[in-house]
Structure formats: structure tokens, C-alpha cells
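An overview of the molecular structure
Single-letter residue listing:
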Amino acid sequence: AKAAGRGVVEVFDDELRHELSVQAQTEEALRQALLGNELVLHYQPVLDLLTGRTASVEALVRWNRPGHGLVPPDAFIPAAERSDLICDLGRWALAAALTQLTQWDAAATAGAAGAGGPEGELAGLGVAVNISGRHLASRYLLDDVAAALATSGIDPVRLTLEITETVLVDVPSALDQLRALRELGVKIAIDDFGTGYTSIGQLPNLPVDILKIDRSFVSSPGAGHADLVRLVISAAHSFDLGVVAEGIEENDQLHRLVADSCDSGQGFLFARPTAPAELTIPRTCPATE
Ligand code: C2E
Ligand code: CA
Ligand code: CA
Ligand code: CA
């Protein structure tokens, strides 16, 4: 029995060793990817539902990994979040997104003769960058945001930082960090709202500007979700928060959100996240028509 017991421990050890080495390899590959420019940002338009125009884009990272194709973030962000690598990734994303805005601005100026072309619609856009809780908790984020703004010269009001709702609970210093970031002039959005434990009653005390209603509430009409969405939108408005609905895929979802006075929306109905070279700017009917 003793011998068998030791066998089990050895098997477990082997599995653990294997798992740790996979984790270490992924981390090392990601570190190289950051150095070797294998990470790219794709952009998804966010539309102002009142005017029907695209006002900003969300930056979403992909890993153009040799031999693996375009790897989605869910496959490597969790590995990056186990170490300070996620801070390096966040720093890179902030710089890359703001540099992209300067390029769109410059292309519009260069093409001003043919105003009204696609370049014109890319100028002046805002951008939202996803920030991990670990980066928010670190002493780096404030400097990273300030540095990216200074280097690019982009007006801070054009930058939104997206923090998931769970981070408000998991990071003890989150509220202080968010206050400091807002003093730089950037906006804060609570991502995936509705999936964590933030109650509507806490909203007036949160140093945030925007709520992003999670896709799960937008896509499934059942289980009182429609009422919940309406309630969240009206509560958010009474506290002067903007509301973005994520994951709009169908026209009737859009119409319901417009009827409920949702401010902004993004989703496959309008556009999928795309590489900057392929980005086209969608437009929908203004809510008043
Ligand atoms: P998220 O921030 O909630 O981003 C929205 C996700 O929903 C994106 O997935 C987007 O492609 C997807 N989406 C947008 N519209 C629709 C729709 O109509 N239907 C459906 N089914 N999906 C839609 P993606 O790009 O795979 O990103 C997944 C998650 O990875 C993000 O969720 C975010 O949490 C994380 N992530 C992405 N980029 C970054 C980054 O630069 N840094 C960090 N820390 N996390 C990132
Ligand atoms: Ca997001
Ligand atoms: Ca989200
Ligand atoms: Ca999410």
C-alpha cells in the first residue's frame, strides 16, 4: 500500500511539473511575442445609439503566433495574468492604441482634400483599452498611462480604461487607483457589468464614467434580463454614468436598447473586431428617426 501511495505522489508530481512547465513555456513565448511584435490590436467600433455614429473603438489584443495563427486573448491573457507579464502587455497595449489614434488623425489630415472619405471618420475617435486587475493593483499603471499619453500627445478624454467589475472587489486599492487615473483626465469603464457583485446602490460612490453591460444580458431575452437592463440604464443615468451595451447581434436587441435609452453599443451587428487596415466605420439610424 505504501509503494502504491508513493506511485500516486510521483504521478501527481509529474503532472504538476508538466503543468508548470507548460505555464512557464507559454509565459516565455509571450515574453518573446511582446519583444518580437507578435501581438496586434484589433479594433471594434462602439456606436453612439442616439446619433448612429461610431464615437470610439475598443482595442482587443490578438497574438499572431507563428505556427498557431491568430490566437484569441482568452487563450493567453490568463497565463499573462499569473505574473507581471500582464503589466508589460497592458503597457504595450496603451502605447499601441494611442499610437494608432495618432496615425488615424494624421491620415485624415493628409487626406483632407478628399474629406468625407473613410479617413475622415477615423480622425478624432476615442479608444478603450482593457486593463487587468493585476496591472491596476501595481504601482506601474498610473505611470504607464501618463507615459502613453505624453508620448502620443493624445487628449486624455479620448482614452477609456476598461476594468472588469470583479476587480473592484478583488483589488483592495482599486478605488484609490481609479481616482488617481481619472485625475489624468482619462475615463473609466466598468466592463462586464452585471456578472460580479456590484449593486446598483454602490454606483454613486464609484469613481467611474461608463458601465458596459455584459453580453449575457444583452443577448438572452429571458429571465427578466430585459427588465434588469432597463433598470441598470436608468440607474446609471441618474448617477450621470454612460451605458454601453456589449454583444449586440440582432436588430431587435438594438431596438430594445434604443427604446431603453442606452447610450452606446457594440457588437457583431455593427462590426466585428478587425485589424486597423481593414477597419471600416459603421453607422446606424439615429434613435430619433
Ligand atoms: P471583453 O473586454 O468583454 O471584450 C469583448 C469580447 O466580446 C471580445 O472578445 C469581442 O470580440 C467579443 N464580442 C464583441 N461583440 C460581440 C458580439 O456581438 N457577439 C459575441 N459573441 N462576441 C462579441 P475577444 O476579443 O476574444 O476578447 C475576450 C476578452 O479578452 C475581453 O473581453 C477581455 O476581457 C480580454 N482582453 C482582450 N484584449 C485585452 C487586452 O488588451 N488586455 C487585457 N487585459 N485583456 C484583454
Ligand atoms: Ca472590454
Ligand atoms: Ca466586456
Ligand atoms: Ca469579458
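Whatever comes next refers back to the structure up there.
Just so you know, these numbers come straight off a predicted model, no measurement behind them.

**Concerning the coordination of the calcium ion (ligand 2)**
Taken together, E58 (OE), N130 (OD1), E162 (OE) and D191 (OD) make up the protein donors of the calcium ion (ligand 2), found 2.1 to 2.3 Å from the metal. Site description for the calcium ion (ligand 2): donor spacing in sequence, E-x71-N-x31-E-x28-D. Here the calcium ion (ligand 3) and the calcium ion (ligand 2) are spaced 4.0 Å from one another, each receiving a donor from D191. Of this pair, N130 sits in strand β4 (residues 126–130) while D191 sits in strand β6 (residues 187–193), and the two are 61 residues apart along the sequence. Judged by relative accessible area, N130 falls into the partly exposed class, the value being 30%. A residue is classified by how much of its surface remains accessible, and D191, at 6% relative accessible area, is buried.

**A short note on the coordination of the calcium ion (ligand 4)**
The calcium ion (ligand 4) binds to the protein through D192 (OD) and D192 (OD), with metal-donor distances spanning 2.7 to 3.0 Å. The distance between the calcium ion (ligand 4) and the calcium ion (ligand 2) comes to 5.9 Å.

**Quick notes on empty space enclosed by the protein**
Going through the model one piece at a time under the given rule, you end up with 1 cavity of 30 Å³ or more. One number sums up the size of the largest cavity: a volume of about 60 Å³. Around the largest cavity, the lining residues are F217, V218, A226, V229, Q253, R256, L257 and D260. Contributing elements (two or more residues each) for the lining of the largest cavity: α9 (215–219), α10 (225–238) and α11 (251–259). In terms of residue count, the dominant contributor to the lining of the largest cavity is α11 (3 residues). Its residues placed into classes, the lining of the largest cavity shows 5 nonpolar, 1 polar and 2 charged.

**Observations regarding the environment of T198**
Along the chain, T198 falls in the loop between β6 and β7 (210–213). Residue T198 is classed as buried on the basis of its relative accessible area of 13%. A C-alpha to C-alpha distance of 16 Å links T198 and H225, two positions 27 residues apart in sequence. Discounting residues that sit within four places of it in the chain, T198 has contacts with E165, L168, F193 and L206.

**Here's the deal with the environment of L203**
Mapped onto the fold, L203 is located in the loop between β6 and β7. In the structure, L203 is positioned 38 residues away from L241 in sequence and 8.8 Å away in space, judged by C-alpha atoms. Among all residues touching L203, those that are not within four sequence positions of it are F193, L211, F239 and L241.

**A look at the pairing of strand β1 (residues 39–48)**
Along β1, 8 of the 10 residues are buried, which leaves the element largely enclosed by surrounding structure. By the bridge criterion, 9 bridges tie β1 to strand β2 (residues 54–65) in an arrangement that is antiparallel. What sits directly across from V46, in β2, is S56. Hairpin connection of β1 to β2: 5 residues between the antiparallel strands, including G52 at a positive phi of 80°. Note that β1 and strand β9 (residues 264–265) share 2 bridges and pair antiparallel. Bridged to D48 within β9 is S264.

**A short note on the site of ligand 1**
Around ligand 1, 20 residues are found, and the nearest of them are R62, N130, D191, E249 and F268. One of the side-chain nitrogen or oxygen atoms of E249 is found 2.5 Å away from a nitrogen atom of ligand 1. F268 is positioned such that a nitrogen or oxygen atom in its backbone is 2.8 Å from an oxygen atom of ligand 1. For ligand 1, whose accessible area on its own is 800 Å², the fraction buried by protein is 83%. Where the shell around ligand 1 is concerned, the elements lending two or more residues are β2 and β6. It is β2 that provides the largest number of residues to the shell around ligand 1, a total of 4 residues. Grouping the constituent residues of the shell around ligand 1 by class yields 7 nonpolar, 5 polar and 8 charged.

**A short note on the layout of surface pockets**
Space inside the largest pocket adds up to approximately 1000 Å³. Lining the largest pocket are 38 residues, and of these E58, L60, P73, D74 and N130 lie nearest its centre. When residues of the lining of the largest pocket are assigned to their parent elements, the largest contribution, 5 residues, is made by β2. A class-by-class count of the residues in the lining of the largest pocket yields 16 nonpolar, 11 polar and 11 charged.

So, how was this worked out
Residues numbered from 1 in each chain as written. Chains lettered and ligands numbered in written order. Predicted model: local features only at pLDDT ≥ 70, side-chain atom pairs only at ≥ 80, totals over all residues. Heavy atoms only, no water. Donors = N, O, S within 2.8 Å, 3.2 Å for Na, K, Ca; no water. Helix = DSSP H or I, 4+ residues; strand = E, 2+ residues; numbered from the N terminus. Buried < 20%, exposed > 50% of the residue type's maximum accessible area, 1.4 Å probe, protein only. 1 Å grid on protein atoms, 1.4 Å probe; cavity = no way out; pocket = protein on both sides within 12 Å on 5 of 7 lines; lining within 4 Å. Points joined across faces, edges and corners; volume = space filled by probe spheres on them. Nonpolar A, V, L, I, M, F, W, Y, C, P; charged D, E, K, R; others polar. Contact = heavy atoms within 4.5 Å. Pairing = 2+ DSSP bridges. Near = heavy atom within 4 Å. Polar contact = N/O pair within 3.5 Å; in protein donor to acceptor, adjacent residues only side chain to side chain. Areas by Shrake-Rupley, 256 points an atom, 1.4 Å probe, with all protein chains shown as cover.

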